[in-house]
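Read off the chains here:
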Number of protein chains: 2
Amino acid sequence: MAKENKAFVKEITPQSEDFSRWYLDVIQKADLMDYSPVRGCIVFKPDSYEIWEACQRELDKEFKRTGHRNAYFPLFIPESFFQKEKEHVEGFNPELPWVTEAGGDKLEERLAVRPTSETMIGHMYAQWIQSYRDLPVLLNQWANVVRWEKRTLPFLRTSEFLWQEGHTAHATEDEARAETMQMLDIYTRFVEDFLAIPVIQGQKTPSEKFAGAVDTYSIEAIMKDGKALQAGTSHYLGQNFAKGFDIQYLDKDNQLKHVYTTSWGISTRLLGALIMVHGDDRGLSLPPKVATTQVIIIPIGPQKSREPVVEAAGNILNQLQGLGLRVRMDARDDVSPGWKFNEYEMRGVPIRLEIGPRDLENQQVVLVRRDTGEKQFVPISELETALPSLLDTIQHDMFEAAKTFREDHSYTAENLEEMTSYINDKRGFVLAGWCGSDECERAVKDACSATSRNIPFDPPAQPTNCVNCGKPAKHAVWFAKSY
Amino acid sequence: MAKENKAFVKEITPQSEDFSRWYLDVIQKADLMDYSPVRGCIVFKPDSYEIWEACQRELDKEFKRTGHRNAYFPLFIPESFFQKEKEHVEGFNPELPWVTEAGGDKLEERLAVRPTSETMIGHMYAQWIQSYRDLPVLLNQWANVVRWEKRTLPFLRTSEFLWQEGHTAHATEDEARAETMQMLDIYTRFVEDFLAIPVIQGQKTPSEKFAGAVDTYSIEAIMKDGKALQAGTSHYLGQNFAKGFDIQYLDKDNQLKHVYTTSWGISTRLLGALIMVHGDDRGLSLPPKVATTQVIIIPIGPQKSREPVVEAAGNILNQLQGLGLRVRMDARDDVSPGWKFNEYEMRGVPIRLEIGPRDLENQQVVLVRRDTGEKQFVPISELETALPSLLDTIQHDMFEAAKTFREDHSYTAENLEEMTSYINDKRGFVLAGWCGSDECERAVKDACSATSRNIPFDPPAQPTNCVNCGKPAKHAVWFAKSY
Ligand SMILES: [Zn+2]
Ligand SMILES: [Zn+2]
């Protein structure tokens, strides 16, 4: 499907010139997506869908390890369900698409295309849960959801997206809160260890929490333009949905009680994060753990010496695949090595392995790191140990580089003026004291378009005064512009 | 989530009394599904969703082995797209749900919730394919689809269901036809080897083919009530969608040509087949390859001797899990062994492993087959070889039993009277000659509600005359009532 285009790297707008343009250039040129004819809906092309599959495998393993099982609930949700939790309906109503006709008839009750499934799942849990012996219920669903957003951006904010939504019900608040935190930790480990994206754990302010939640917790990542991206959320829903949907159980003491529920999710917007945290002016750069192709082998050299080189490259390919590494070879001879170098850099393959006639003579290859551009000669006999170790190093270094970037773009503001200057001139995350009032949060937004990201569990400093009103700060809050 | 109910096996209607009732009893009592509040939409509970996950893993491996990649296309399809292929719109229009409002506004163009994605994917392929070098395009999508059916039946015919749909584009008819057949073969192997369900490969008659296809091929399975179930279809679409959506490429000879496309799919209706082919009056019976739990270990015996028995059972559990077998233990002591026996038979676990104090003394266990009820004593020291071998035997025997059932319920009819008598009195598949006219096909349906299932590639006999009009038969056709 890729069109050959020898100059395509030149077509990417540099990040420094226009980060948004750079992003849109990269996702199309790296063949990750295409726009569909339906407003705000994109096509996930194989290269991006494979990244999502890798994320699914990794997370699904963690969900199952912690006792969750997968299930699947209906796409359509009756309108009346949204009325049962007041904040929920207010939060989601403006974004819902409605099915009003089906099978040739007008429907008696409109059906929403699910934006999230607390209501449908709440309704089902009410049928399934009767006694304390039925608890906890620990389910997860991999699904598509739809939110009719005003402004859309591929991967980050699309009308339809793919995600997982976990929904659990518990006998006690303690258990439900422990579950909420457990899942936030699982997300944190996944995003940091697998995607090599450092995140900040914390609690959302009331104005930013999930519609219907008691408490929302998030992990927040910084993109290379200094904006924040919410990479995952875990909600403690208390008894809000249990009361709305009448999810009750008979406890050991023979009392009828409402359950406590949680929900938690990550979505394909993580693909956007992956691109914007690791990408550069040459295109995508994928951490080895998530890369579908970890090593691309490219035989080089003149036509006349090609055969033994390609044969040796093929042997290396087989040997490395035998080790379980994800390796491919591009031995096409109608495309130049230079074009291939650009192509696989653009697509973010972590390591390029070059081998030419002279390398073959010396029984060595050249390894080139996508993240740093660093080259090294490695004897063929040592590849089996050198490559896995280099992949580990790259995974580690990419995480550290992203962490350093975040540290270099983290600030502390004492007042609105400082806040505005950091947000507008420096771009990044700004820690500030907050008195806890909605007004002061809004004042920050009005001043510089930054919103509260979260109240970190482990703030690097503890500001004493509110950044807006100067009253004693109740919390340290990270502010940033966000996707 | 399971409610304890010591008498539940008694609550299943026997198959011989009312097969439909039996089916509905089993799927609820084996905890596979629940009805949702939305018409014709069901909840896939973990026990059924896990079977679907096993199917996905197995098929996905085959798709990838044959060069296909996964992608994801939008759920919503603009109304105008359905107009571009005439037969397609006529076939699907009556079943479509329509989104007419979204984000608070009435939409300018109605959006269908996808019943299948030929149109959307056709539209995208037209953008992606320009040259012969872009071909073939070999994509697959795992997705939910919606068809607003008049009568619904859990798993078999639900308003929303889960499936995969492969969509490929080729430069030549030969290549596209080869792909169509390759995928039919992959489905056949999967359904026969993995689900232990024998199928008949063949071509659909024009009246039964996919709306928009040139030729539709299917695999058809017989259920225990003698009805047919279409287990998978593979369509050769010719240039119908290529012309409707303008999918053209520049060939080596510099000519602009339309591509040839295929599509193929299997869905969660296979879960219904699995239940109705292998299930019996004791409930579900799962082939070992698809069973999430292949062996359930149940320690038995009086309370006082329980501890060493449970310990020994735990050791066996670890040992077998170490072999990669999917084994669980139920050591609850507030539930009787008899209840557990019923429960795991109901849920279809292929092998029950019982161990009691006397077994422990003799260093042996009892293995009980779900499919035949057969018991055998096996020394603990031989379990590592005996169990994998018994699982293979069960998988093989279940397939053979289903095949024998099909042979016992296959007939040949010379005329409508015989056809009607076989269909109504014997129930099953009836092979008959067919002249090729729609009228004669309809005459069979009018006479006994049987429809043509397919024109088998390899018919057991070659009838000479049409079952209705008596003219020379063009084809041997399998007729049956169907789901
Ligand atoms: Zn304040
Ligand atoms: Zn005829």
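Residues numbered from 1 in each chain as written. Chains lettered and ligands numbered in written order. Predicted model: local features only at pLDDT ≥ 70, side-chain atom pairs only at ≥ 80, totals over all residues. Heavy atoms only, no water.

So, the overall build of chain A
Counting its regular elements, chain A contains 14 helices and 23 strands. Taking 23 Å as the expected radius of gyration for a compact globule of 483 residues, we find that chain A reaches 25 Å, a close match to that expectation. Reported as C-alpha extents along the three principal axes, the dimensions of chain A are approximately 80 × 55 × 45 Å. When each of the 483 residues of chain A is scored for burial, the buried share is 60%. Considering only residue pairs separated by 6 or more positions, chain A has 69% of its internal contacts joining residues 24 or more positions apart. Accessible area of chain A: about 19000 Å², with a carbon and sulfur share of 46%. Side-chain charges of chain A comprise 56 positive and 71 negative groups, with the mean position of each set lying 2 Å from the other. (Helix = DSSP H or I, 4+ residues; strand = E, 2+ residues; numbered from the N terminus. Rg over C-alpha atoms; globule rule 2.2 N^0.38 Å. Buried < 20%, exposed > 50% of the residue type's maximum accessible area, 1.4 Å probe, protein only. Contact = heavy atoms within 4.5 Å. Areas by Shrake-Rupley, 256 points an atom, 1.4 Å probe, with all protein chains shown as cover. Lys, Arg positive; Asp, Glu negative; His and termini not counted. Charge placed at Lys NZ, Arg CZ, Asp CG, Glu CD.)

Focus: the coordination of the zinc ion (ligand 2)
Residues and elements named next belong to chain B. Here the zinc ion (ligand 2) is held by C435 (SG), C440 (SG), C466 (SG) and C469 (SG), and the distances to it run 2.2 to 2.3 Å. Of note, the donors binding the zinc ion (ligand 2) are all from one chain and are spaced C-x4-C-x25-C-x2-C. Overall, the relative accessible area of 13% leaves C435 in the buried class. Looking at C440, the relative accessible area reads 4%, which means it is buried. (Donors = N, O, S within 2.8 Å, 3.2 Å for Na, K, Ca; no water.)

Let's talk about the interface of chain B and chain A
Tallying the contact residues gives 61 residues for chain B and 61 residues for chain A. Contact between chain B and chain A buries roughly 5000 Å² in total, counting both sides, with carbon and sulfur atoms accounting for 61%. The tally of links from chain B across to chain A stands at eight salt bridges. Inspection of the chain B/chain A interface yields 28 residue pairs in polar contact (both at pLDDT 80 or more). Take the side of chain B that touches chain A: its biggest share by element is seven residues, from helix α2 (residues 46-65) of chain B. (Buried area = accessible area lost by both parts, 1.4 Å probe. Salt bridge = Lys/Arg side-chain N within 4 Å of Asp/Glu carboxyl O. Polar contact = N/O pair within 3.5 Å; in protein donor to acceptor, adjacent residues only side chain to side chain.)

Quick look at the relation of the copies chain B and chain A
Superposition of chain B onto chain A requires a rotation of 180° combined with a translation of 0.0 Å along the rotation axis, giving an RMSD of 0.0 Å. As the rotation angle and translation indicate, the two copies are arranged about a two-fold axis. Measuring from the rotation axis to each C-alpha of chain B, the shortest distance belongs to B:V99, at 2.1 Å. By residue overlap, the copies meet face to face through one surface: 100% of the interface positions of chain B are interface positions in chain A. (Least-squares fit on C-alpha atoms with pLDDT ≥ 70 in both.)

Let's talk about the coordination of the zinc ion (ligand 1)
Residues and elements named next belong to chain A. Summarising the metal site, the zinc ion (ligand 1) is bound by the protein donors C435 (SG), C440 (SG), C466 (SG) and C469 (SG), whose distances to it range over 2.2 to 2.3 Å. Binding-site remark: the zinc ion (ligand 1) is held by donors from one chain whose sequence spacing is C-x4-C-x25-C-x2-C. Taken together, the positions of C435 in the loop between β21 (429-434) and α14 (438-448) and C466 in the loop between β22 (451-456) and β23 (475-480) put the pair 31 residues apart, joining distant regions of the chain. You can call C466 buried: its relative accessible area is 2%.

A look at the domain arrangement of chain A
Residues and elements named next belong to chain A. With domains assigned, chain A is organised as domain 1 (17-278), domain 2 (295-390) and domain 3 (410-480). With 21 residues of domain 1 in contact, the opposing surface of domain 3 contributes 14 residues. Buried surface at the junction of domain 1 and domain 3, summed over both partners, amounts to about 1400 Å²; 61% is from carbon and sulfur atoms. There are one salt bridge connecting domain 1 and domain 3. Of the charged contacts, one joins R453 and E220 as a salt bridge, the two residues approaching to 3.2 Å between their closest N and O atoms. Our count for the contact surface shared by domain 1 and domain 3 stands at nine residue pairs in polar contact (both at pLDDT 80 or more). Going through the elements one at a time, α6 (173-194), β9 (200-203), β10 (215-222) and β11 (228-238) are the ones with two or more residues in the side of domain 1 that touches domain 3. No other element matches β10, which puts five residues into the side of domain 1 that touches domain 3. Here the residues of the side of domain 1 that touches domain 3 are counted per class, giving eight nonpolar, eight polar and five charged. (Domains from an automatic or database assignment. Nonpolar A, V, L, I, M, F, W, Y, C, P; charged D, E, K, R; others polar.)

A look at the pairing of strand β5 (residues 97-102) of chain B
Most of β5(B) sits inside the fold, with five of its six residues counted as buried. Hairpin connection from β5(B) to strand β6 (residues 105-113) of chain B: two residues lie between these consecutive antiparallel strands, with B:G103 at a positive phi of about 60°. (Pairing = 2+ DSSP bridges.)

Some thoughts on the pattern of salt bridges
Think of it this way: side chains of opposite charge can pair up when their charged atoms draw near. All names here are of chain A. Under the definition given, this model contains 64 salt bridges over all chains. Between E354 and R352 there is a salt bridge whose closest N-O contact spans 2.9 Å. Its relative accessible area of 5% is what places E354 among the buried residues. What makes R352 buried here is its relative accessible area of 9%.

Observations regarding the environment of B:A461
Residue and element names in this part refer to chain B. Checked against the element boundaries, A461 lands in the loop between β22 (451-456) and β23 (475-480). Along the primary structure A461 and L431 are separated by 30 residues, whereas in three dimensions their C-alpha atoms are 8.1 Å apart. Contacts of A461, omitting those with residues within four sequence positions, involve L431 and A476.

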